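Residue strings, one per chain:
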Amino acid sequence: NAGVTQTPKFRVLKTGQSMTLLCAQDMNHEYMYWYRQDPGMGLRLIHYSVGEGTTAKGEVPDGYNVSRLKKQNFLLGLESAAPSQTSVYFCASSPLRAGGYQETQYFGPGTRLLVL
Amino acid sequence: AQTVTQSQPEMSVQEAETVTLSCTYDTSESNYYLFWYKQPPSRQMILVIRQEAYKQQNATENRFSVNFQKAAKSFSLKISDSQLGDTAMYFCAFISYGASKLTFGTGTRLQVTL
């Protein structure tokens, strides 16, 4: 049981390049999330998904796209990277509790992205 | 909108001593969860402890316990018998039932010294 895994761990991009971050969870969780963490700030939600085939915007969605084609995977894409997207990206997942509410979020190890 | 405030940017404690990290939050919701997450230098976000708002009993996990004061909207974390491995950034977080967004505080950096 690996929990939540993220690929890659570290990446350097040039401005304008594109890339995809992969998140995978083996806990059969319904909810999945992408956050970014910048110095001096807590985590901010980029996009999230409440189930396979669904996605929704978080508080800082601009410049990112996501897809959830399989329940266990949640992809975060940057179509044209900008230096402002230099950050540490965290994926998380959470189970659905009785009553339809989500529960505790479990985090992956993070991906450090540097955009030059 | 919910907000979470951690007023102590940095704290230091000696090994084996006890330390308390403060967290306050603002919400109009009555049903919610509160969490403390630990982020060591490895950057992994690790769940330390969780509290459901409807439970009056304070949550405990080994050396970690909380003081949950619902009326005061306060949720402090007490670490007993501090260990060097407790050195980390600690984040308080909030989520209301049915919400998608986990709201984080800005964190408290805890240093455990010999």
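Residues numbered from 1 in each chain as written. Chains lettered and ligands numbered in written order. Predicted model: local features only at pLDDT ≥ 70, side-chain atom pairs only at ≥ 80, totals over all residues. Heavy atoms only, no water.

So, on to the overall build of chain B. Counting its regular elements, chain B contains zero helices and twelve strands. Taken against the 2.2 N^0.38 rule, which gives 13 Å for 114 residues, the C-alpha radius of gyration of chain B at 14 Å falls within 12% of a compact globule. Expressed along its principal axes, the backbone C-alpha trace of chain B runs to roughly 40 × 25 × 20 Å. Burial analysis of chain B (114 residues in total) assigns 50% to the buried set. Intrachain contacts of chain B at a sequence separation of at least 6 include 55% that bridge at least 24 residues. On chain B, roughly 5,500 Å² of surface is accessible, and the fraction owed to carbon and sulfur atoms is 44%. Of the charged side chains in chain B, 10 are positive and 9 negative; the average position of the first set lies 6 Å away from that of the second. (Helix = DSSP H or I, 4+ residues; strand = E, 2+ residues; numbered from the N terminus. Rg over C-alpha atoms; globule rule 2.2 N^0.38 Å. Buried < 20%, exposed > 50% of the residue type's maximum accessible area, 1.4 Å probe, protein only. Contact = heavy atoms within 4.5 Å. Areas by Shrake-Rupley, 256 points an atom, 1.4 Å probe, with all protein chains shown as cover. Lys, Arg positive; Asp, Glu negative; His and termini not counted. Charge placed at Lys NZ, Arg CZ, Asp CG, Glu CD.)

A few words now on the side chain of Gln 105 of chain A. Checked against the element boundaries, Gln 105 of chain A lands in the loop between strand 9 (87-94) and strand 10 (106-107). Polar contacts involving the side chain of Gln 105 of chain A include one to the side chain of Tyr 35 of chain A, which spans 2.7 Å. The contacts of Gln 105 of chain A, once residues within four sequence positions are left out, are Tyr 33, Tyr 35, Ala 92, Ser 93 and Ser 94 of chain A together with Tyr 37, Ile 95, Ser 100 and Leu 102 of chain B. (Polar contact = N/O pair within 3.5 Å; in protein donor to acceptor, adjacent residues only side chain to side chain.)

With that settled, consider a nonpolar patch on the surface. A cluster of nonpolar side chains, contributed by Phe 10, Val 12 and Leu 116 of chain A, occupies part of the molecular surface with about 280 Å² of accessible area. When you line up the elements, Phe 10 of chain A lands in strand 2 (residues 10-13). (Patch = residues over 30% accessible without salt bridge, like charges linked within 9 Å, V, L, I, M, F, W, Y side chains within 5 Å. Salt bridge = Lys/Arg side-chain N within 4 Å of Asp/Glu carboxyl O.)

The next thing to look at is the nonpolar core. One broad rule of soluble globular proteins: the nonpolar side chains tend to lie buried together. All names here are of chain B. Formed by 25 residues in total, the largest nonpolar core has its most connected members in Tyr 25, Trp 36, Phe 75, Leu 77 and Tyr 90. Secondary structure elements with two or more residues in this core: strand 3 (19-21), strand 5 (32-39), strand 6 (46-52), strand 8 (64-69), strand 9 (74-79), strand 10 (88-96) and strand 12 (108-113). Looking at which element gives the most residues to this core, the answer is strand 10, with four residues. (Core = buried A, V, L, I, M, F, W, Y, C linked by side-chain atoms within 4.5 Å.)

The subject of this paragraph is the pattern of salt bridges. Residues and elements named next belong to chain B. Applying the stated criterion across every chain yields a total of five salt bridges over all chains. Where Asp 86 meets Arg 63, a salt bridge forms, and the shortest distance between an N and an O atom there is 2.8 Å. Of the two residues, Asp 86 sits in the loop between strand 9 and strand 10 while Arg 63 sits in the loop between strand 7 (60-61) and strand 8, which places them 23 residues apart along the sequence.

Further remarks concern the state of the cysteines. Two cysteines joined by a covalent bond between their sulfur atoms form a disulfide. One pass over the structure, following the stated rule, counts two disulfides over all chains. Sulfur-sulfur distance for the disulfide between Cys 23 of chain A and Cys 91 of chain A comes to 1.8 Å. Torsion about the S-S bond of the Cys 23 of chain A and Cys 91 of chain A cystine: about -75°, corresponding to left-handed handedness. One end of the pair, Cys 23 of chain A, is in strand 3 (residues 19-25); the other, Cys 91 of chain A, is in strand 9, and 68 residues separate them in sequence. Accessibility assignment for this pair places Cys 23 of chain A and Cys 91 of chain A in one class, buried. At a sulfur-sulfur separation of 2.0 Å, the disulfide partner of Cys 23 of chain B is Cys 92 of chain B. On the S-S bond that ties Cys 23 of chain B to Cys 92 of chain B, the torsion sits near -70°, and the link is left-handed. Placement of Cys 23 of chain B in the loop between strand 3 and strand 4 (24-26) and of Cys 92 of chain B in strand 10 is noted, with a sequence separation of 69 residues between them. According to the relative accessible area criterion, Cys 92 of chain B is buried, its value standing at 0%. (Disulfide = S-S within 2.5 Å.)

Let's shift gears to the pairing of strand 9 of chain A. Taken residue by residue, a regular strand's side chains alternate between the two faces of the sheet. Residue and element names in this part refer to chain A. Most of strand 9 is tucked away: eight of the eight residues are buried. By the alternation rule, side chains of strand 9 split into Ser 87, Tyr 89, Cys 91 and Ser 93 and Val 88, Phe 90, Ala 92 and Ser 94, which are all buried. Two elements, strand 4 (residues 31-37) and strand 9, share seven bridges in a ladder whose sense is antiparallel. What sits directly across from Tyr 33, in strand 9, is Ala 92. (Pairing = 2+ DSSP bridges.)

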